[in-house]
Structure formats: structure tokens, C-alpha cells
Amino acid sequence: MPAITLPDGSVRHFDGAVTGTAVAESIGPGLAKAALAMEVDGRLVDLSLPIGTDAAVRFVTRKDEAALGLIRHDAAHVLAEAVQELWPGTQVTIGPAIENGFYYDFARNEPFTPEDFPAIEAKMREIVARGARFEREVWPREEAIRFFEERGERYKAELIRDLPESEPISIYRQGDWLDLCRGPHMRSVADVGSAFKLMKVAGAYWRGDHRNAMLTRIYATAWRDGKELDAHLLQLAEAERRDHRRIGKEMDLFHIQEEATGSIFWHPKGWRLYTVLQDYMRRAQQGAGYQEVRTPQLVDRTLWEASGHWENYRDHMFIATVEEEDKHLALKPMNCPCHVQIFRHGLRSYRELPLRMAEFGACHRYEPSGALHGIMRVRAFTQDDAHIFCTDDQIAPETARFVAMLADVYRDLGFDSFRVKFADRPDNRAGSEESWDKAEAALKEACRLAGVEYEHNPGEGAFYGPKLEFVLRDAIGRDWQCGTLQVDYVLPDRLDASFIGEDSARHRPVMLHRAILGSFERFIGILIEQFAGRFPMWMAPVQVVVASIVTDAEPYALDVADRLRAAGLQVEADTANEKINAKIRTHSLQRVPVILVVGRKEAEAGTVAMRRLGGNTQEMLSLDEAVALLAAEATPPDLRRRSGNGAGAPADSPSTAASSAPA
RNA sequence: GCUGCUGUAGCUCAGUGGUAGAGCACUCCCUUGGUAAGGGAGAGGUCGUGAGUUCAAUCCUCACCAGCAGCACCA
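Residues numbered from 1 in each chain as written. Chains lettered and ligands numbered in written order. Predicted model: local features only at pLDDT ≥ 70, side-chain atom pairs only at ≥ 80, totals over all residues. Heavy atoms only, no water.

1. Digging into the overall build of chain A
- Looking only at helices and strands, chain A features 22 helices and 35 strands.
- A principal-axis box enclosing the C-alpha atoms of chain A has dimensions of 90 × 75 × 60 Å.
- Across the 663 residues of chain A, 50% fall into the buried class.
- Relative to all contacts within chain A whose residues are 6 or more apart in sequence, the contacts with residues 24 or more apart total 68%.
- Carbon together with sulfur atoms contributes 49% to the accessible area of chain A, which is approximately 31400 Å² in total.
- Put simply, chain A has 81 plus and 100 minus side-chain charges, and the middle of one group is 3 Å from the middle of the other. (Helix = DSSP H or I, 4+ residues; strand = E, 2+ residues; numbered from the N terminus. Buried < 20%, exposed > 50% of the residue type's maximum accessible area, 1.4 Å probe, protein only. Contact = heavy atoms within 4.5 Å. Areas by Shrake-Rupley, 256 points an atom, 1.4 Å probe, with all protein chains shown as cover. Lys, Arg positive; Asp, Glu negative; His and termini not counted. Charge placed at Lys NZ, Arg CZ, Asp CG, Glu CD.)

In C-alpha cells:
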């Protein structure tokens, strides 16, 4: 006599086990028609599943977000059926729903190409139109293995073999086709609908392990209706429009060429961006009590052996040798061992702790060729790195202090919120279990005291310690992991760092590795995409262009540019033999935030006609007013706070620069 | 690194087994124009690199390099 509790709190009683379908029908024909699956006590299951005991039931309809996962998973089955119908002999493996869609990995000698997509999509639509019902069956394990092996589906057979004994072997049929699957599924393939699209083909290792065979994967996107599909495709187009590689080219910020793959040639405008950001970070660090240092690029392998990096990352290090000396020097892949060298140069007192040592550390790592990506993933990069040498007791306050600094920086750089992840011990790690216990507990406690809430990210810590990962969300909803804070008991021990305590005895400091941007290269890539190249005034590589209308106004245009330059602005004068329309167009496409137009009128009156990027109106200002206004807008947010902008201005008053950024 | 795709002018791209084309950008000339492209002329490429097939290769084959997508990696 199961009693079914519905989300509105009402309870329905049934004589004996009852399927979800029957429950839905008892509620009403509308729901019976709309229900795709149900949640029984919070677990998503097939409507056909009989409910034998009291339970809370919620029906999932197409309106429900949860329908997305079902549609995508069912669509994956439809894709697999379509492919096997078109190319018999292709082996199926797995095909999960993922963010925005699904994929299916196939084993086939001949890989698929996008040219195959129309045929596959047509076949999928045919299968959806057939509308076969999903039927779940539970098979004896041995029979299932034999069945798939006889059909030459050795991957499926392997999957079944590796399922735990307790797991029932469930098979879903859709018409003549069937697949091993945990479920749940909707009622029939017709529920998949038509809002799906095959996106790309790619290789993928069987079970994600690079030692295994490479399968051929088809990615697809699937949604509840065509409108959602279109919105998603639009979002992809938007991401492409913002691609930092495209914008970097368009705005002449940087380039990369074959002779230095993975390293960046920064052009003047890109380097301007870089130095503005670096200057800002330098001020932020000074304000937060860091001491800046600079350490060697080339360091003998013995130091990397001592630190443990040689053992773990030797293959990813650039090695330089000198024939006369039989020495192996490594281009430093990171800064921490060098910072320890400064720390241990001379006796340290507990009075010096916490000691915050910062470096814009230029590092080189031999990244695998397939990992390189524009300026986001490179082989030569500069970290906004720092190490805090402190005692156990100082971990919590230093964590709080760091998180506060990081939040300020992110806000100034145009990111209002971030998430935190807690990454704990990885499989491949240095240090004893005890030290890991201690480090993880200390970091957790520090988060608690600092009021930092985090998600768990198991097994993703650094090899020497657990870490907090700080994740930004950009203007179009993408996440970027940038900041990090890592607790390290291992390195101070390996490199024998110590300080003299109050008790006159030697003690080991803890090291906190931390970064806010991560690397300048990657972060600038993120900024380019975040702003789509339309930087706030203070970051813009060219802040103002003075455009003359007629030759007579040329001397005045040059004067105006000089005045702005003297006020510290990045300014260009455009006195080319072009119409003003063409100049406006050129500099708007270059995403220059402010264009000052000067003709005869302005030259005579000592004024400028100001036009802002994204607007199509002009404002007439005297030259003095314009210089004062633009210089104020171009002031970095931290300096604006410092100068106070008048007494009593709130520290976090919205910046004019930000408000002038185009919508 | 793995799988697949791509590589032609500064940029975006077309094209052919008989040694190349467009638009934009660039240079010069005309034009002095008031808020997203004024007109004309010119210059610019050993078709990623190296081998092979062929009477003949930018085009076909192979290798390498680089880029793109995904996977794997990311101290």
C-alpha cells in the first residue's frame, strides 16, 4: 500500500506497487502526457519503474531543468543507434550527457568527419520520428558479457566486467537497438525532440587514459527546444567574437611565431596592457605588506633535485648545458625554491614572520604541444607569485588577509565575484600522510576562520600541499581558475628552511604559495575576452585618439594630444588625409574608448568634441575640462581611492571608468 | 604527446597538375571632407619546410614544422 507524497504535500494511496506512469495518470491526463521521468525520494528514475513503498515523488516535465540531462542522454543513445545503423561494425562505448550537450565515443578504424554529420543527423531524426519506447531489462551478468562479445562489442563487455557485483546489469532497448546503460531514460526516443546538433569530432582516450586506445568521439549539443538551441549557438558565436587570439590580432597587441612557439612577442599596445596590470599588482602587493624580490632564471639541477621538482617535472623543464662545465641548469619552472634560498640566506627570527616574498617570476615550462593556446597557455610566462613564510598560527590570519586582497584586486579588474575550491591530496605527492593531514586541517581551519566558503575538489592539490583555487566568472558566464593559495610543509623541510623561535630553538616555517592572477599572460587573455577588447579607460592601451577634420586643424590636434600626453594619458593623434567618418570608424573598430574630434571650430574656440566608444553622441568640452576629466578617468581604481577623490569618498565608489565602459 | 582537420599577400579568404587572384590594410596622387568606409593609381606572394611521383607540383604522396578542435597534461 504505497503512499505517494507529491511536491504540493498531497498524498495518494495505491494498492500495491505502482509505476510512475500510473501515478501520473491518476493525477491527470495533462501530467501523464508531459511527464518524462520522475524523482523518487530525490533520485531520478524511469516513469516505468514500479514504486512499492512510501515515497516522495516529483515528475519531471520538459519545463524542468532536469529534462536537459535526460534529453541529452537519450539523444546520445539515438546518436549511437544512428551510427551503428549507418556503419555496422562500429563499436559503441560510452555516451554521457555533459554541459550543453552530450558526446558518444565510438571505436572504428575510420574516424568520422564533419562531412558525415548531415547523414548522421538525418538518421537521428528518422529514429526520433520512429518514436520507439525505451524498455529497461535487467540481464544476468554473464549473459550480458556473452551477448556483447558475440556482437564484437568488446568495450561494452569490458564495461560490464568492471561493474561491481552488486550493480544490476541494465539494458535499455529502443526498438531493435539496445545498449548497456544505467539509465534513467525518458518514455521514448520521440521525447528527444529536434533541438540537437552535431558539433565536432575529436579523439578521446578509452577511459580517459592516454595509455589506452584512441576512440573517435562525436560531440553534440541538445536542448529542450529550438529557442534554447539557438541561444546556445549564439553564445558560442559570442565566445568566438571575444577570442583573445582574434582580438589580439585586430588590436595589434601581440603575436606568436614558429621560431618561439609558446612564447609571446608583445607589441607596444599589448605590452602597455601588461605594464599597466603589473604596475597595479605591484602597488597592491606593496600595500599588502609584501617584499618584492628577483631570482635567477637558470638554476642548477641540484636545487630542483632537492625540491623534488626534478623527479616530478623533469620532462617539462627546459635544460641548459655548458660543454666546458658538465653542468645542467634548468630554466626555472617556478619560483618557490629560489625564494626559499633568499629566506634561508642568514638566520631568520620569528619576529620576521610572516614574511611575504613576492616576485613577478618569469618561468618556463615545456608544455605539451597540444596544450598551447594563444597567450593563455604558453611555455614562457610570468606569475604574480609570492610565498608567505609563517608559523602554523599565522596560516589562518594570512589566509584571511590574502582572500581580502584577492577580492579587492578582482573587483578592480572588473570581476565582481569568485568561487573557491578546496583541492586536497593528489595520488602523486610528496611528504608524509601526517604532514598532509596537518596541512589540510590547517587550510580548512583557516577557511573557517576567514569565513571562506568552498566546494570540494578531490585529488587536485599540488604535489607538496593542498590548495584553495579561486575561480572567476566572466561576462559571458565562463569560469576561469586564476588565484591559488597552497599550504606547504614539504618544501621548507626539503630545502631546510628554518627560523629561530622565541625559545631560541630552530623551527620550520610553513610556506604559503599564492597567486592572484596566476600568470600575466593568461590573465591578460582573460581580460581581453572579459571586455571583448573594450577595456575600461585605465587599462586601455590607447586611451584617446585626437582626430582632425581638416588640415587647418592639424596643429591644434597635435597640441591637444600633447596636453593629454603630459597629463599621463595614452594618446594618438590622427591627422591622416581621411574623412572624419573614416577616422571614427577606424578607431571605433580599434576599440579606443575616447575620440576627440577637432576641426576649425574647436581650434578657434580651444575646445574638443568628445565621442565615447559605443555611443554616437558628442560632448563639447573646453580643452582644460577634457584633460582633467580624462586624466581622472584614466587613473587606476586603487590610485583613485588613495587620492580619495575628495575627502570622505567611499573606498569602493563606482569608478567613472567602469561606468563609461560600453554596455 | 595522442586523434582529426588546416597552412596561398600584413589580415580575411578564393583558386588551378602547365610557376597565382579578391577585399581590407599599405604607398603615392586628387580631394579639406563635421562623427562608423571619398576617388584614382601603385607596390606586395620561392602558395609552411624538405623529399618523392611526373615532361611539368602551390595542387598528388611521404616526412617534418606550426596552427585549430577535442583528449591527456597544467608544480
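2. Observations concerning the packing of aromatic side chains
- Tallied over the entire structure, the rule returns 24 aromatic pairs.
- An angle of 85 degrees between the planes, with centres 5.2 Å apart, marks the rings of phenylalanine 147 and phenylalanine 148 as edge-to-face.
- For phenylalanine 147, a relative accessible area of 23% translates into the label partly exposed.
- Their ring planes at 20 degrees and their centres at 4.2 Å tell us that tryptophan 271 and tyrosine 274 sit as a pair that is stacked. In this pair, tryptophan 271 and tyrosine 274 both sit in helix H9 (residues 268–287), 3 residues apart, roughly one turn of the helix.
- Using a relative accessible area of 39% as the deciding quantity, one classes tryptophan 271 as partly exposed.
- Aromatic ring contacts, followed pair by pair, group Phe254, Trp266, Trp271, Tyr274, Phe360 and Phe520 into a single cluster.
- We note arginine 125 situated over the ring of phenylalanine 196; from NZ or CZ to the ring centre the distance is 4.3 Å.
- Here the basic side chain of arginine 348 rests over the ring of phenylalanine 343, its NZ or CZ set 5.3 Å away from the ring centre. (Phe/Tyr/Trp six-rings, centres within 6.5 Å; stacked < 30°, edge-to-face > 60°. Lys NZ or Arg CZ within 6 Å of the ring centre and 35° of its normal.)

3. Considerations on the pattern of salt bridges
- All chains considered together, the criterion is met by 54 salt bridges.
- When the shortest N-O distance is used, the salt bridge between glutamate 137 and arginine 173 registers 2.6 Å. Of the two residues, glutamate 137 is situated in strand S11 (residues 134–139) and arginine 173 in strand S12 (residues 169–174); the sequence distance between them amounts to 36 residues.
- Judged by its relative accessible area of 23%, glutamate 137 is partly exposed.
- Assessed through its relative accessible area of 28%, arginine 173 is described here as partly exposed.
- Notably, a salt bridge pairs aspartate 162 with arginine 207, separated by 2.6 Å at the nearest N-O pair. Of the two residues, aspartate 162 sits in helix H6 (residues 154–162) while arginine 207 sits in the loop between strand S14 (196–205) and strand S15 (214–222), which places them 45 residues apart along the sequence.
- Assessed through its relative accessible area of 42%, arginine 207 is described here as partly exposed.
- Taken together, the shared-partner salt bridges connect Glu81, Glu85, Lys123, Glu126 and Arg130 into one network. (Salt bridge = Lys/Arg side-chain N within 4 Å of Asp/Glu carboxyl O.)

4. Remarks on the confidence of the model for chain A
- Here chain A averages 93 in pLDDT, while 97% of its residues score no lower than 70.
- Per-residue pLDDT stays below 50 along residues 646–663; that stretch engages in 14 contacts with residues further than four places along the chain or on separate chains. (pLDDT = per-residue confidence, 0-100.)

5. Focus: the UniProt feature "domain: Aminoacyl-transfer RNA synthetases class-II family profile" (unreviewed entry) in chain A
- Mapped onto this structure's residue numbering, the UniProt feature "domain: Aminoacyl-transfer RNA synthetases class-II family profile" (unreviewed entry) falls at residues 243–536.
- Secondary structure content for residues 243–536 is 35% helix and 27% strand, and the end C-alpha separation is 18 Å. (UniProt positions renumbered as here; feature names shortened; annotations may be inferred.)

6. As for the packing of helix H3 (residues 66–86) against helix H4 (residues 117–130)
- For the pair H3 and H4, interaxial distance at closest approach is 9 Å and the crossing angle is 115 degrees. Between H3 and H4 lies a crossing of right-handed hand. Note on element contacts: H4 touches H3 through Ala119, Ile120, Lys123, Met124, Glu126, Ile127, Val128 and Arg130, opposite Ala75, Val78, Leu79, Glu81, Ala82, Val83, Glu85 and Leu86. (Axes fitted to C-alpha atoms, helices over the stretch in contact; angles between N-to-C directions. Left-handed = near helix turned anticlockwise from the far one by under 90°.)

7. Points about the protein's contact with RNA strand B
- Close to RNA strand B lie 54 residues, the nearest being Met334, Ile549, Thr551, Asn577 and Arg585.
- Taking all atoms of RNA strand B within 4 Å of the protein, the share assigned to sugar and phosphate is 47%.
- The contact in question runs from a base nitrogen of RNA strand B to an N or O atom on the side chain of tyrosine 205, over 2.5 Å.
- Mapped by element, the contributors of at least two residues to the surface near RNA strand B are S14, S15, helix H8 (244–250), helix H11 (309–313), helix H18 (580–589), helix H19 (600–605) and strand S34 (607–612).
- If one sorts the elements of the surface near RNA strand B by residue count, H18 sits on top with 7 residues.
- Split into classes, the residues belonging to the surface near RNA strand B amount to 22 nonpolar, 17 polar and 15 charged. (Near = heavy atom within 4 Å. Polar contact = N/O pair within 3.5 Å; in protein donor to acceptor, adjacent residues only side chain to side chain. Nonpolar A, V, L, I, M, F, W, Y, C, P; charged D, E, K, R; others polar.)

8. Focus on the pairing of strand S33 (residues 594–598)
- Within S33, 5 of the 5 residues are buried, which leaves the element mostly enclosed by the surrounding structure.
- Burial of S33 is two-sided: the residues Val594, Leu596 and Val598 facing one way and the residues Ile595 and Val597 facing the other way are all buried.
- As defined by bridge partners, S33 adjoins S34 across 4 bridges and the pair is classed as antiparallel. Within S34, the position partnered with valine 594 by the bridge is arginine 612. (Pairing = 2+ DSSP bridges.)

9. Overview of the sheet that holds strand S7 (residues 55–60)
- As summarised here, the arrangement of the 5 strands in space is S2-S1-S7-S4-S5, forming an open sheet in which the pairing is mixed. Both outer strands of the open sheet, strand S2 (11–13) and strand S5 (43–45), are each paired with one neighbouring strand and no more. Taking each pair of neighbouring strands and ignoring which way they run, the sheet shows an average axis angle of 35 degrees.
- Here 3 bridges tie strand S1 (residues 3–5) to S2, and the two strands are oriented antiparallel to one another. Across the sheet, threonine 5 pairs through a bridge with valine 11, a residue of S2.
- Sheet strands touched by helix H1 (residues 20–27): S1, S2, strand S4 (37–40) and S7. Its angle to S7, the strand with the most contacts, is close to 80 degrees.

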